[in-house]
Amino acid sequence: MLLAIEQGNTNTLFAVHDGKAWIAQWRAATESSRTADEYAVWLSQLLNMAGLQLGVFNACIISSVVPQSIFNLRNLSRRYLHVEPLVIGENAELGIDVRIDKPSEAGSDRLVNAIGAHVLYPGDLIVIDSGTATTFDVIAADGAMEGCAIAPGINLSMEALHTAAAKLPRVAIQRPRGNSAIGKDTVAAMQSGVFWGYIALIEGLCARIKAEWGKPMTVIGTGGVASLFHGATASIDHFDPDLTIRGMLEIYRRNTAKV
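If you're wondering where the values come from, they're calculated on a predicted model, not measured in any experiment. (Residues numbered from 1 in each chain as written. Predicted model: local features only at pLDDT ≥ 70, side-chain atom pairs only at ≥ 80, totals over all residues. Heavy atoms only, no water.)

Enquirer: Explain the environment of methionine 145 to me, and be specific about the residues and the numbers.
Expert: You can see methionine 145 is positioned in strand E8 (residues 145-152). Between the C-alpha atom of methionine 145 and that of histidine 17, which follows or precedes it by 128 residues, the distance is 26 Å. Setting aside chain neighbours within four positions, we find methionine 145 in contact with Ile96, Asp97, Val98, Arg99, Ile100, Ala106, Arg110, Leu111, Ala114, Asp137, Val138 and Ile139. (Helix = DSSP H or I, 4+ residues; strand = E, 2+ residues; numbered from the N terminus. Contact = heavy atoms within 4.5 Å.)

Rendered as structure tokens:
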């Protein structure tokens, strides 16, 4: 039984794999000050609802882009699961080439996504992860990370409009009613500008990346708000919500195979 913990800047995913399939997944808001004890109380309640308990795990893997949280997540695994966790960026070998100028700058989430995409989709890839930031990672056919484009996430952009402009309200991100690009009131105008603006961002950057790459590429969409764009653009070939945990499972298998 494997517990995979994938922590982004906004949400933290806890997923349980029984050796054959993912059998449970839960999300919590990312709070860097949350202690191992607090995680344990929250997680044990959810496990009980699924007919499981903390003592069933014999493995744990952690990927986090919040460095100050790794200490507490590691202690959660050691103290309550009684297993030494694999931590991306520390004691886990990824088996991936990072062909960028400063490989150490590649976030653990992006590396995990690259592996998760490569094990399922053949050929050259663009992986679009829509979260706090929107990242466009270029993955070569041999699985290597070749580079990336990074833009603000859609929620961050909407929040920035509200924060910086006194008369613009805080509104929910959603597809404009009737797919209209012309908003008839302030809320509709903001939703249209941000939603269709991000569709244009996706289409434009994918086109530029493909032209620069010079070879056919498959585009994979993942991340917390990726489903918002489903069916809105032909630029994304596949929407894959399990991309990250698939990559974590593959990393776990690569490391345990060497033991």
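Enquirer: If you had to explain the side chain of histidine 17 to someone new, which residues and values would you point to?
Expert: Mapped onto the elements, histidine 17 comes out in strand E2 (residues 11-17). Overall, the relative accessible area of 4% leaves histidine 17 in the buried class. Among the polar contacts listed, one links the side chain of histidine 17 to the backbone nitrogen of glycine 19, at a separation of 3.0 Å. In terms of polar contacts, histidine 17 uses its side chain to reach the backbone amide nitrogen of alanine 21, at 3.5 Å. The residues contacting histidine 17, other than those within four sequence positions of it, are Met1, Leu2, Trp22, Leu249 and Arg253. (Buried < 20%, exposed > 50% of the residue type's maximum accessible area, 1.4 Å probe, protein only. Polar contact = N/O pair within 3.5 Å; in protein donor to acceptor, adjacent residues only side chain to side chain.)

Enquirer: Which residues make up the nonpolar core, and what are the values?
Expert: Core analysis: the largest hydrophobic core is formed by 25 residues, its most contacted members being Ile61, Ile88, Leu94 and Ile251. If you list the elements that add at least two residues to this core, you get strand E1 (2-7), strand E4 (59-64), helix H3 (108-118), strand E6 (124-130) and helix H6 (243-256). Ranked by residue count, the leading element in this core is H3, at five residues. Residues contacting isoleucine 251, with those up to four places away along its chain left out, are Ile61, Ile88, Ala92, Glu93, Leu94, Val112 and Ile115. Ranked by size, the runner-up nonpolar core spans 23 residues in total, among them Phe14, Trp26, Cys60 and Ile70. (Core = buried A, V, L, I, M, F, W, Y, C linked by side-chain atoms within 4.5 Å.)

Enquirer: Give me the lowdown on H6, citing residues and values where you can.
Expert: With 14 residues, H6 ought to run about 20 Å at 1.5 Å a step, and its terminal C-alpha atoms sit 20 Å apart, in line with that. All of the buried residues along H6 are Leu243, Thr244, Ile245, Gly247, Met248, Leu249, Ile251 and Asn255. (Expected span 1.5 Å × (residues − 1).)

Enquirer: Before we move on, could you go through the pairing of E4 and cite the residues and values that matter?
Expert: Most of E4 sits out of view: six of its six residues are buried. Side chains Ala59, Ile61 and Ser63 of E4 all project onto a buried face; the interleaved residues Cys60, Ile62 and Ser64 project onto the opposite face, where all are buried too. Of the pairings in the sheet, the one linking E1 to E4 comprises six bridges and is parallel in character. Bridge assignment links leucine 2 to a residue of E4, and that residue is alanine 59. Handedness of the E4-helix H2 (residues 67-81)-strand E5 (residues 86-87) crossover: right-handed. (Pairing = 2+ DSSP bridges. Right-handed = clockwise from strand over helix to strand, strands pointing away.)

Enquirer: Can you break down the sheet that holds strand E3 (residues 22-29) residue by residue, with the values?
Expert: Two orientations exist for strands paired in a sheet by backbone hydrogen bonds: parallel and antiparallel. Reading across from one edge, E3-E2-E1-E4-E5 is the order of the five strands in this open sheet, with mixed pairing throughout. Of all the strands in the sheet, the pair left with one neighbour each is E3 and E5. Here E2 pairs with E3 via seven bridges, running antiparallel. Among the inter-strand pairings, alanine 15 is bridged to a residue of E3, identified as glutamine 25.

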